Each structure stands twice: as C-alpha cells, then as structure tokens.
Amino acid sequence: MKMDVLGSKYVRTRKKHQCMGCLRVFEKGHKMHVAVCVDDRIMRTYLCRTCDILIKTDKDEIFVDPCEGYYHEGCTREYLIDKGIIK
Ligand SMILES: [Zn+2]
C-alpha cells in the first residue's frame, strides 16, 4: 500500500518530535521536514534535516521498502550509524 502525501514543508517544531528516519528525538525549536500523509488515517511524519537530505538524494532505493513503496520507520538509521554520522 502506498501512502498519499497531502503536503510537506519545513517547520520549526513547537514540541519534541521523533525523526521517522533515524529515530532520534529532537527537542522543540529544530527545523524538521513534516509530511502529512494519508493511508487509512491522517498522519504526520517528521524527518530531521539529515534524513530529509539523505532521502532526497541518490540513496532513494536504499530507504524505500521494496514491498511497500514508501519509507518506513528507522529507514535511514542503520545507514547513518554505518557511516558514523549518528551513534
Ligand atoms: Zn533523522
């Protein structure tokens, strides 16, 4: 099943959010990319800048779940740990 994205933008967060890609938790006041998606309900997913950039560049095929066709929770985490970008 593929989720429809209704819209996405950068926001400065007003409370803490977990990044869907690397699963790090960011305190309020960070700039994060938020996407509003619909599958059977409306969801907001947050991505930190690192993950947002990573996902938008040529690494696409690594992070998309081949069965589902969209990014899943923690999709960038292993890659970032591998590269020593996060712990
Ligand atoms: Zn992230």
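Look up: the structure comes first, before these words.
Quick caveat: nothing in here was measured; it's all calculated off a predicted structure.

Participant: How should the side chain of His17 be read in this particular structure?
Facilitator: Within the secondary structure, His17 is located in strand E2 (residues 17-18). Given the relative accessible area of 14%, His17 is considered buried. At 3.4 Å, the side chain of His17 forms a polar contact with the side chain of Tyr46. The residues contacting His17, other than those within four sequence positions of it, are Arg24, Val25, Phe26, Met32 and Tyr46.

Participant: What's the story with the environment of Val5 in this structure? I'm lost.
Facilitator: Residue placement: Val5 occurs in strand E1 (residues 4-12). Judged by its relative accessible area of 54%, Val5 falls in the exposed class. C-alpha of Val5 to C-alpha of Arg44: the two residues are 39 residues apart in sequence and 9.6 Å apart in space.

Participant: I tried to follow the nonpolar core on my own but got confused; where do I start?
Facilitator: Most often, soluble globular proteins keep nonpolar side chains buried together rather than apart. Ranked by internal contacts, the top residues of the largest apolar core, which has 18 residues, are Cys19, Cys22, Cys48, Cys51 and Leu80. The set of elements that each furnish at least two residues to this core consists of strand E4 (31-38), strand E5 (42-48), helix H1 (49-56) and helix H3 (77-82). Beyond its immediate chain neighbours, meaning those up to four positions away, Cys19 contacts Arg24, Phe26, Met32, Tyr46, Leu47, Cys48 and Cys51.

Participant: Is there a simple way to explain H1 in this structure?
Facilitator: Three or four residues apart is the spacing at which side chains of an α-helix point the same way, because the helix has 3.6 residues per turn. Within the span of H1, buried status applies to Cys51, Asp52, Leu54 and Ile55. Taken down its axis, H1 places every buried residue within 165 degrees of arc, on the same side.

Participant: In this structure, what is going on with the pattern of salt bridges? I would like to understand it.
Facilitator: Note that side chains of opposite charge can pair when their charged atoms are close. For the structure on display, the rule yields 2 salt bridges. Residues Glu27 and Lys16 are paired through a salt bridge, measuring 4.0 Å at the closest nitrogen-oxygen approach. Here Lys16 lies in the loop between E1 and E2 and Glu27 lies in the loop between strand E3 (25-26) and E4, a separation of 11 residues in the sequence. Note that Lys56 is salt-bridged to Asp52, the shortest N-O span being 3.0 Å. A residue pair is termed a helical-turn pair when its members lie 3 or 4 positions apart in one helix, as Lys56 and Asp52 do in helix H1 at 4 residues. Under the relative-accessibility criterion, Lys56 is labelled exposed at 56%. With a relative accessible area of 2%, Asp52 lands in the buried category.

Participant: In this structure, what is going on with the coordination of the zinc ion? I would like to understand it.
Facilitator: Each pair of donors in an ideal four-coordinate tetrahedral metal site encloses 109.5 degrees, whereas pairs in an ideal six-coordinate octahedral site enclose 90 or 180 degrees. Within the protein, the zinc ion binds to Cys19 (SG), Cys22 (SG), Cys48 (SG) and Cys51 (SG); these donor distances fall in the range 2.2 to 2.3 Å. The coordination sphere of the zinc ion comprises 4 donor atoms, whose angles at the metal cover 105 to 116 degrees; the geometry is tetrahedral. Counting residues between consecutive donors of the zinc ion along the chain gives the motif C-x2-C-x25-C-x2-C. Its relative accessible area of 0% is what places Cys19 among the buried residues. Here Cys22 falls in the buried class, since its relative accessible area comes to 0%.

Conventions used here
- Residues numbered from 1 in each chain as written.
- Predicted model: local features only at pLDDT ≥ 70, side-chain atom pairs only at ≥ 80, totals over all residues.
- Heavy atoms only, no water.
- Helix = DSSP H or I, 4+ residues; strand = E, 2+ residues; numbered from the N terminus.
- Buried < 20%, exposed > 50% of the residue type's maximum accessible area, 1.4 Å probe, protein only.
- Polar contact = N/O pair within 3.5 Å; in protein donor to acceptor, adjacent residues only side chain to side chain.
- Contact = heavy atoms within 4.5 Å.
- Core = buried A, V, L, I, M, F, W, Y, C linked by side-chain atoms within 4.5 Å.
- Arc of directions from axis to C-beta.
- Salt bridge = Lys/Arg side-chain N within 4 Å of Asp/Glu carboxyl O.
- Donors = N, O, S within 2.8 Å, 3.2 Å for Na, K, Ca; no water.
- Tetrahedral: all angles 85-135°; square planar, octahedral: opposite > 155°, others 65-115°.

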